[in-house]
Amino acid sequence: MADQSTDASAGNSAKFVEATRKSLDILQYLKESGPATLSEIASDLDRAKSTVYRHLNTLEDAGYVAEYDGGYRIGQLYLDYGIQAQRTHPLYHAAKPKVDALAEQVGEKVWCVVEENGFAVFIYLKTGDELYRSFTRVGYRGHLHAFSAGKAILAHMSPERIEAVIEERGLPAYTEHTVTDEDALFEELERIRERGFALHNEEAVSGGNAVSVPVQLEDGSPFGSICIAGPAHRLDRETLVDDYSDRLLGIKNEIELSLKYESPSSEDRTERP
């Protein structure tokens, strides 16, 4: 499943540099469909081969793509960028030891998730003993409303910020169970605030359930979330609520204390629209 990150306003020339956008389109194509030849890239993106060739040469010279026998691929330089992006986020350092310990206890996947530009970004994963494959991965970016981890974050945003996210990113359906009605979503976010945790029941992927709690700054604003995820036949609603929600709420408090004493104060982080 491809990242759900298309911005409908991307073609607005008053806001975007077209040449940069073309390079980014090529990079996204290679990430999702590579390796690919020059002809394949030009054809699939409906761009002139000469234009694509110049962009590829520029990207290759800078290390962002590499040419192999099978065509062009994303360059390994992105591995360095990805590790840097992960390890410079304060929540990664505060949450990692707690996530590792929890995954060992419950035997399921435990995620650390943050919000960036109106999307849920999965920045760290520790897998327990139980094997469970899913389309999410470290670095995956998805819509906040489709994942319990995203809804836990949304629930503690201001109403104005939530409206802005919905307007910019929409409420697309990932499965037939995804909440795509704005009023229904706001009602669910209110329930999440009341009980302290969020659930998704096959809303992001068929056969997959999860429970999440927000990680909040001192002023109550969301800084990220922690999530336990697994197959629906093993993690039914009763198990998520009765067995796992309290565990998550416990480590939430520990992570928030770590952030308070080891990271910049909440006054240094402003919520951006």
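Higher on the page you've got the structure.
For every chain, the first residue of its written sequence is number 1, and the numbers climb from 1 along that sequence. At least 70 in pLDDT is required for a residue's local features to be given in this predicted model, at least 80 for side-chain atom pairs to be given and counted, and no such filter applies to totals for whole chains, interfaces and linings, which use all residues. Only hydrogens and water are set aside when side-chain values are computed; all heavy atoms of the structure are taken into account.

Participant: Can you help me understand the packing of helix H2 (residues 38-45) against helix H3 (residues 49-62) in this one?
Facilitator: In a pair of packed helices, the angle between the axes and the distance between the axes together describe the arrangement. One way to put it is that H2 packs onto H3 with a least axis distance of 9 Å and a crossing angle of 120°. Between H2 and H3 lies a crossing whose hand is right-handed. Across the interface between the two elements, Leu 38, Ser 39, Ile 41 and Ala 42 from H2 touch Lys 49, Val 52, Tyr 53 and Leu 56 from H3. In this count, Pro and Cys sit with the nonpolar residues alongside Ala, Val, Leu, Ile, Met, Phe, Trp and Tyr, while Asp, Glu, Lys and Arg are called charged and the others, Gly among them, polar. Split into classes, the residues belonging to the contact of H2 with H3 amount to six nonpolar, one polar and one charged. Lines fitted to C-alpha atoms define the axes here, with helix axes fitted over just the stretch in contact, and angles between the N-to-C directions of these axes take values from 0 to 180 degrees. What counts as a helix is a DSSP run of H or I of at least four residues, what counts as a strand is a run of E of at least two, and both are numbered from the N terminus. For any helix crossing, the convention is left-handed if the near helix is rotated counterclockwise from the far helix by under a right angle, and right-handed if that rotation is clockwise. Note on contacts: a residue pair qualifies if any of its non-hydrogen atoms lie within 4.5 Å across the two residues.

Participant: Would you mind going over helix H5 (residues 90-106) with me for this structure?
Facilitator: Residues lying three or four places apart along an α-helix face the same way, a consequence of the helix completing one turn every 3.6 residues. An expected span of 1.5 Å times one less than the residue number is assigned to each helix. With 17 residues, H5 should cover 24 Å at 1.5 Å per step; its first-to-last C-alpha distance of 25 Å lies within 8% of that length. Fitting one axis to the seven residues ending at a residue and another to the seven starting there, the bend at that residue is the angle between the two axes. The largest bend in H5 is about 40°, located at Lys 96, with the proline Pro 97 one to four residues further on. Buried residues belonging to H5 abut helix H4 (77-87), strand S3 (109-116), strand S4 (119-126), strand S7 (208-216), strand S8 (222-231) and helix H9 (237-262). Two residues or fewer after H5 comes Gly 107, characterised by a positive phi angle close to 75°.

Participant: Mind showing me how you'd approach the packing of aromatic side chains here?
Facilitator: Centre distance and the angle of the planes are the two values used to describe a pair of aromatic rings. Under the pairing criterion, centres of Phe, Tyr and Trp rings, with the six-membered ring standing for Trp, must be within 6.5 Å; the plane angle then separates stacked pairs below 30 degrees from edge-to-face pairs above 60, leaving the rest tilted. Applying the stated rule across the entire model yields nine aromatic pairs. Centre to centre, the rings of Tyr 64 and Tyr 78 are 5.5 Å apart; their planes meet at 55°, and the pair counts as tilted. Here Tyr 64 is found in the loop between H3 and strand S1 (65-68), whereas its partner Tyr 78 is found in helix H4, with 14 residues between them in sequence. Relative to Tyr 124, the ring of Tyr 92 lies with its centre 5.6 Å away and its plane at 80°, an arrangement referred to as edge-to-face. Here Tyr 124 lies in strand S4 and Tyr 92 lies in helix H5, a separation of 32 residues in the sequence. Each member of the pair, Tyr 92 as well as Tyr 124, is classed as buried. An aromatic cluster is built from Trp 111, Phe 122, Tyr 140, Phe 147 and Tyr 174, whose rings are joined through pairwise contacts. Burial status follows relative accessibility: with a 1.4 Å probe on protein chains alone, a residue under 20% of its type maximum counts as buried, one over 50% as exposed, and anything between as partly exposed.

Participant: Whenever I open this one, empty space enclosed by the protein confuses me. Can you help?
Facilitator: The gaps of empty space that remain are located by a probe, the size of a water molecule, rolled over the atoms. In this analysis, the protein atoms alone were mapped onto a 1 Å grid. Cavities are point sets where a 1.4 Å probe fits without being able to get out; pockets are open sets with protein on both sides within 12 Å along at least five of seven lines; lining residues have an atom within 4 Å of a point. Grid points are joined across faces, edges and corners, and a volume is the space filled by probe spheres set on the points. Applying the stated criterion across every chain yields a total of two cavities of 30 Å³ or more. For the largest cavity, the calculated volume is near 150 Å³. Looking at the lining of the largest cavity, the elements that each hand over two or more residues are S3, helix H6 (148-154), S7 and S8. Among the residues forming the lining of the largest cavity, the class breakdown is ten nonpolar, six polar and one charged. Estimated volume of the second largest cavity: approximately 50 Å³. Among the elements that take part in the lining of the second largest cavity, helix H7 (residues 159-169) stands out by supplying three residues, more than any other. In terms of residue class, the lining of the second largest cavity is built from five nonpolar, four polar and one charged.

Participant: What exactly am I supposed to notice about the sheet that holds strand S6 (residues 198-201) here?
Facilitator: Each strand in a sheet pairs with another by means of backbone hydrogen bonds, the pair being arranged parallel or else antiparallel. On the basis of which strands lie adjacent, the open sheet formed by six strands has the order S5-S4-S3-S8-S7-S6 and antiparallel pairing. Of all the strands in the sheet, the pair left with one neighbour each is strand S5 (141-143) and S6. Sheet twist, expressed as the mean angle between neighbouring strand axes with direction ignored, is 30°. Bridging between S4 and S5 involves three bridges; their strand directions are antiparallel. Should DSSP find at least two bridges between two strands, the strands are regarded as paired.

Participant: Explain the pattern of salt bridges here, please?
Facilitator: Side chains bearing opposite charge may pair, as long as their charged atoms lie close to each other. Salt bridge, as used here: a side-chain nitrogen of Lys or Arg that lies within 4 Å of a carboxyl oxygen of Asp or Glu. What the rule picks out here adds up to eleven salt bridges. With a closest N to O distance of 3.1 Å, Lys 96 and Asp 100 form a salt bridge. With a gap of four residues between them, Lys 96 and Asp 100 both fall in helix H5, about one helical turn apart. Taking relative accessible area as the criterion, Asp 100 reaches 19% and is therefore assigned buried. Several salt bridges converge on common partners, so that one network encompasses Lys 151, Glu 188 and Glu 203.

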